[in-house]
Amino acid sequence: MRPNYGCPVQGTINVIAGKWKVMILWHLGFGAKRFAELKRLLPGVSEKVLTDQLRQLESDGVVRRATDGAVPARVDYSLTVAGEELIPEMEQLCHWGSRHLGIPPTLKRPRSSKR
């Protein structure tokens, strides 16, 4: 666990810090995805890194991993309630980046977004 120095903002940044974590959360905001779907949505991510970042997000309580018990197992990843609560906050960061950094948004908004 990375230090948060008693700062909730730093703690939150620690949860979403990682090259692919923001994009993983954003895509899961549209609904549950299988590993291969996430890999396809994130060109350039290796299986190892995607696995590691999904495990970290699961450990931090923002992503849920569900298996159906079949062989081979179907594994779905989805946002927990805590993960869903991050989406509007990420949208605010998106707006800030557009206004102050001039970066236009290129992805559609997740269905779970609460405005």
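See the structure shown above.
This text gives an overview of the structure that appears in the document. (Residues numbered from 1 in each chain as written. Predicted model: local features only at pLDDT ≥ 70, side-chain atom pairs only at ≥ 80, totals over all residues. Heavy atoms only, no water.)

**A short note on the pairing of strand β3 (residues 75-79)**
Next, step 1: The element β3 is largely enclosed, with a buried count of four among its five residues.
Next, step 2: Here strand β1 (residues 33-34) runs beside β3; their pairing, made up of two bridges, is antiparallel. Considered in β3, the bridge of R34 is made with D76.
Next, step 3: Pairing of strand β2 (residues 63-67) with β3, which is carried by five bridges, proceeds in the antiparallel orientation. Of the residues in β3, the one forming a bridge with T67 is V75. (Buried < 20%, exposed > 50% of the residue type's maximum accessible area, 1.4 Å probe, protein only. Helix = DSSP H or I, 4+ residues; strand = E, 2+ residues; numbered from the N terminus. Pairing = 2+ DSSP bridges.)

**So, the nonpolar core**
Next, step 1: If you look at the biggest cluster of nonpolar residues, it comprises 21 residues, and the most contacted ones within it are I24, L25 and V63.
Next, step 2: Listed by contribution, the elements that provide at least two residues to this core are α1 (8-16), α2 (21-28), α4 (47-59), β3 and α5 (81-101).
Next, step 3: No other element matches the four residues that α2 contributes to this core.
Next, step 4: Residues in contact with V63, not counting those within four places in the same chain, are L25, L28, L54, L57, E58, Y77, S78, L79 and T80. (Core = buried A, V, L, I, M, F, W, Y, C linked by side-chain atoms within 4.5 Å. Contact = heavy atoms within 4.5 Å.)

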